[in-house]
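Take a look at the letters that make up each chain.
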Amino acid sequence: MNLLKRRIPCLVMAVLVLFTASCVPVQDKDEGNLNITVTTTMLLDLTKQIGGGCVSVQGLMGCGVDPHQYRASAGDVMKMQKADVIIYSGLHLEGKMGDVLSSLESRGKKVICASDGIDRELLIQNDGVYDPHIWFDVCLWKLAAKEVAKGLSAADPENAAQYEANLSAYEKELDKLDGYIREKASEIGESRRVLITAHDAFGYFGKAYGFTVMGLQGVSTVAEAGTADVSRLARFIAENKINAVFIETSLPVKSVEALQEAVRANGFETSLGGTLYSDSLGDAKNGEDSYIAAFKHNIDVITDGLKGE
Ligand SMILES: [Zn+2]
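I will try to describe carefully the structure that is included in this document. (Residues numbered from 1 in each chain as written. Predicted model: local features only at pLDDT ≥ 70, side-chain atom pairs only at ≥ 80, totals over all residues. Heavy atoms only, no water.)

**Considerations on the overall build of the protein chain**
Summing up its helical and strand segments, the protein chain has 10 helices and 10 strands in all. Burial statistics for the protein chain: of 309 residues in total, 49% are counted as buried. Counting only carbon and sulfur atoms, one obtains 52% of the accessible surface of the protein chain, whose full area is about 14,400 Å². (Helix = DSSP H or I, 4+ residues; strand = E, 2+ residues; numbered from the N terminus. Buried < 20%, exposed > 50% of the residue type's maximum accessible area, 1.4 Å probe, protein only. Areas by Shrake-Rupley, 256 points an atom, 1.4 Å probe, with all protein chains shown as cover.)

Given below as structure tokens:
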């Protein structure tokens, strides 16, 4: 087992060496633009907002993909190797990409960790581990935006003024979003502000906007919810007459349906309140591929589900 663990970084290095050799010279760069590879859909949108016309961005994880479980493919390693800059979220969100990212960084690749701009005192800790879902508090996401702008300016000083201007325009949009969320949240009576989802992604949302938040799985989706977790949460829902529980786009619906069934066995009927974007944004088809649109979708779904008129 230990031997196997030691071999994994060696394998990563071997793949990197292979791609370094095969990818020079780089040919498919957009001329003049900073080429950026990012991990999640949230970062894809954020980087487009800050980078504007000065950058070409591609994301590794598609819409609906769970970042906790995501492993970089050989093709992903090649994309990261070719990029001028790699941006990732950090705090172990991309828990299975740690070796690849640190190998690239140690080989001199410019890597920006978006959560590095956030004071650790502002983060939630569970059992000594920081909660990685920083995008659910708009104020924290603004700090991530600032960190990305700082990193892009350092990588591409010629366009620094443009990145700063894009940042301040986007910060204004984010302030408006924050106001919208607070206004919608105020439509729900305080006793009804209980958000139950498939995994504990919404801790920062709860803290920022005054919701009690409970997840069927923990902060990472790597450990599955046990039957004891389901029964405990089902009893809580029945006793507190919580009228809706929510599905997440990046996780299978079956775990929440099992929870709903367990609540029924406790003599109470809770409905499925709708689907929330948790660890992935939506796609361009439904227009919810931006952070702002996805967050508006979430607060609208939460408000409608919990009002329960
Ligand atoms: Zn998550």
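**Some words on the pattern of salt bridges**
When charged atoms on two side chains of opposite charge get close, those side chains can pair. Under the criterion given, the structure shown has 10 salt bridges. Residue D116 pairs with R120 through a salt bridge whose shortest N-O separation is 3.7 Å. You can call D116 partly exposed: its relative accessible area is 47%. Judged by its relative accessible area of 32%, R120 is partly exposed. (Salt bridge = Lys/Arg side-chain N within 4 Å of Asp/Glu carboxyl O.)

**Focus: empty space enclosed by the protein**
Tallied over the full model, the rule gives 1 cavity of 30 Å³ or more. By volume, the largest cavity amounts to about 60 Å³. Forming the walls of the largest cavity are M42, W135, F136, Y277, S278, S280, L281, Y291, A294, F295 and N298. Considering every element that reaches the lining of the largest cavity, the biggest residue donor is helix α10 (residues 291-307), with 4 residues. Residues of the lining of the largest cavity, tallied by class, amount to 8 nonpolar, 3 polar and no charged. Summarising the domain contributions, the lining of the largest cavity has at least three residues from each of domain 1 (2-156) and domain 2 (188-307). (1 Å grid on protein atoms, 1.4 Å probe; cavity = no way out; pocket = protein on both sides within 12 Å on 5 of 7 lines; lining within 4 Å. Points joined across faces, edges and corners; volume = space filled by probe spheres on them. Nonpolar A, V, L, I, M, F, W, Y, C, P; charged D, E, K, R; others polar. Domains from an automatic or database assignment.)

**Some thoughts on the pairing of strand β4 (residues 110-113)**
With 4 bridges connecting them, strand β3 (residues 85-88) and β4 associate as parallel partners. Bridging across to β4, V85 finds its partner in K110. On the question of chirality, the crossover connecting β3 to the parallel β4 by way of helix α4 (residues 98-106) is right-handed. (Pairing = 2+ DSSP bridges. Right-handed = clockwise from strand over helix to strand, strands pointing away.)

**Things to note about unusual backbone geometry**
One non-glycine residue with positive phi stands out, namely H92, at about 65 degrees. The phi dihedral of D127 is positive, around 50 degrees, even though this residue is not glycine. Along the polypeptide, D127 turns up in the loop between β5 (125-126) and β6 (129-130).

**A closer look at the pairing of strand β1 (residues 34-38)**
Among the 5 residues in β1, 5 count as buried, and that is most of the element. Because side chains alternate across β1, one face comprises the buried residues L34, I36 and V38, and the other comprises N35 and T37, equally buried. Pairing between β1 and strand β2 (residues 55-59): 5 bridges, direction parallel. Pairing of I36 across the sheet is with V57, part of β2. Read from β1 through helix α2 (residues 41-51) to β2, the crossover connection turns out right-handed. Alignment of β1 against β3, held across 3 bridges, turns out to be parallel.

**Observations concerning the nonpolar core**
By size, the foremost hydrophobic cluster in this structure holds 59 residues, and its most contacted members are I50, I134, F205 and Y291. Viewed by domain, this core spans two of them, domain 1 (2-156) and domain 2 (188-307), each represented by three or more residues. Those residues within four positions of I134 in sequence are excluded, and the remaining contacts are S89, L91, S115, I118, L123, L140, W141, A144 and Y204. Judged by nonpolar contacts, the second largest core, of 19 residues, contains A234, L251, L259 and F268. (Core = buried A, V, L, I, M, F, W, Y, C linked by side-chain atoms within 4.5 Å. Contact = heavy atoms within 4.5 Å.)

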